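# What the coordinates show
Residues per chain are reported as follows:
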Amino acid sequence: MQETKRMADEANRMGQQYQERVQSGFEAASSSFTEANKGFQALAAEMMQYSKSTFDDATRTWEQLIGVRSLEQAIQIQSDYAKRVYDNHMAELSKLGEMCMGMMRDASKPVEDASRKFR
């Protein structure tokens, strides 16, 4: 009888632990998805802003090219534009890479914390 009670208590305790871990896992997954969603929204906003500024720069450059008086001036405007586009693009790629790494770090933190809790 005593052994049966001990086994039932142990089974109950194990069931409680299982429920706590499952609940903690669901909470961690929910937090992780929330953080990932925030990151994707930030990435989308950044790409929209970059696209807008790139379009505006191209428009300004086109307006400059319309008013050129010489071939040398047109070549200089085009050369300056090409350099700006390259520099801006490389800077944007770096920024987006950093944002992605931050998003992955933030999204994985709730899961890491939950897994440490039950070791």
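The structure this text deals with has already been given above.
Values in this document were obtained by computation on a predicted structure and should not be read as measured data. (Residues numbered from 1 in each chain as written. Predicted model: local features only at pLDDT ≥ 70, side-chain atom pairs only at ≥ 80, totals over all residues. Heavy atoms only, no water.)

## Here's the deal with the overall build of the protein
Helices and strands together make up the secondary structure of the protein, namely two helices and zero strands. The C-alpha atoms of the protein give a radius of gyration of 28 Å, which is well past the 14 Å a tight globule of 119 residues would have. Seen through its principal axes, the protein has C-alpha atoms that stretch 105 × 20 × 10 Å. Every one of the 119 residues in the protein was classed for burial, and the buried ones make up 17%. The contacts in the protein between residues at least 6 apart in sequence include a share of 78% that link residues at least 24 apart. Per element, the accessible surface of the protein, about 9500 Å² overall, is 60% carbon and sulfur. Mean positive and mean negative side-chain charge positions of the protein (16 and 18 charges, respectively) differ by 5 Å. (Helix = DSSP H or I, 4+ residues; strand = E, 2+ residues; numbered from the N terminus. Rg over C-alpha atoms; globule rule 2.2 N^0.38 Å. Buried < 20%, exposed > 50% of the residue type's maximum accessible area, 1.4 Å probe, protein only. Contact = heavy atoms within 4.5 Å. Areas by Shrake-Rupley, 256 points an atom, 1.4 Å probe, with all protein chains shown as cover. Lys, Arg positive; Asp, Glu negative; His and termini not counted. Charge placed at Lys NZ, Arg CZ, Asp CG, Glu CD.)

## Overview of the environment of E27
Here E27 lies in helix α1 (residues 2-66). Along the sequence, E27 and E72 sit 45 residues apart, while their C-alpha atoms lie 63 Å from each other.

## So, the side chain of E92
In this fold, E92 is placed in helix α2 (residues 71-117). The side chain of E92 sits in the buried core without any salt bridge; K95 is the nearest counter-charge, 5.3 Å away. Contacts of E92, omitting those with residues within four sequence positions, involve E46 and Y50. (Salt bridge = Lys/Arg side-chain N within 4 Å of Asp/Glu carboxyl O.)

## Overview of a nonpolar patch on the surface
Taken together, the side chains of Y18, V22 and F26 make up a nonpolar region of the molecular surface, amounting to roughly 350 Å² of accessible area. Locating Y18 in the fold gives a position in helix α1. (Patch = residues over 30% accessible without salt bridge, like charges linked within 9 Å, V, L, I, M, F, W, Y side chains within 5 Å.)

## Remarks on the packing of α1 against α2
It is at 9 Å that the axes of α1 and α2 come closest, and there the two elements cross at 175°. One element, α1, and the other, α2, form an angle in the roughly antiparallel class. Taken together, the residues that form the contact of α1 with α2 break down as 20 nonpolar, 10 polar and eight charged. (Axes fitted to C-alpha atoms, helices over the stretch in contact; angles between N-to-C directions. Parallel < 35°, antiparallel > 145°, perpendicular 65-115°, else oblique. Nonpolar A, V, L, I, M, F, W, Y, C, P; charged D, E, K, R; others polar.)

## Some details on the side chain of D57
Checked against the element boundaries, D57 lands in helix α1. Looking at D57, the relative accessible area reads 9%, which means it is buried. In this structure the side chain of D57 is engaged in a polar contact, spanning 3.0 Å, whose partner is the side chain of R84. If we ignore the near neighbours within four places in the chain, the residues touching D57 are Y81 and R84. (Polar contact = N/O pair within 3.5 Å; in protein donor to acceptor, adjacent residues only side chain to side chain.)

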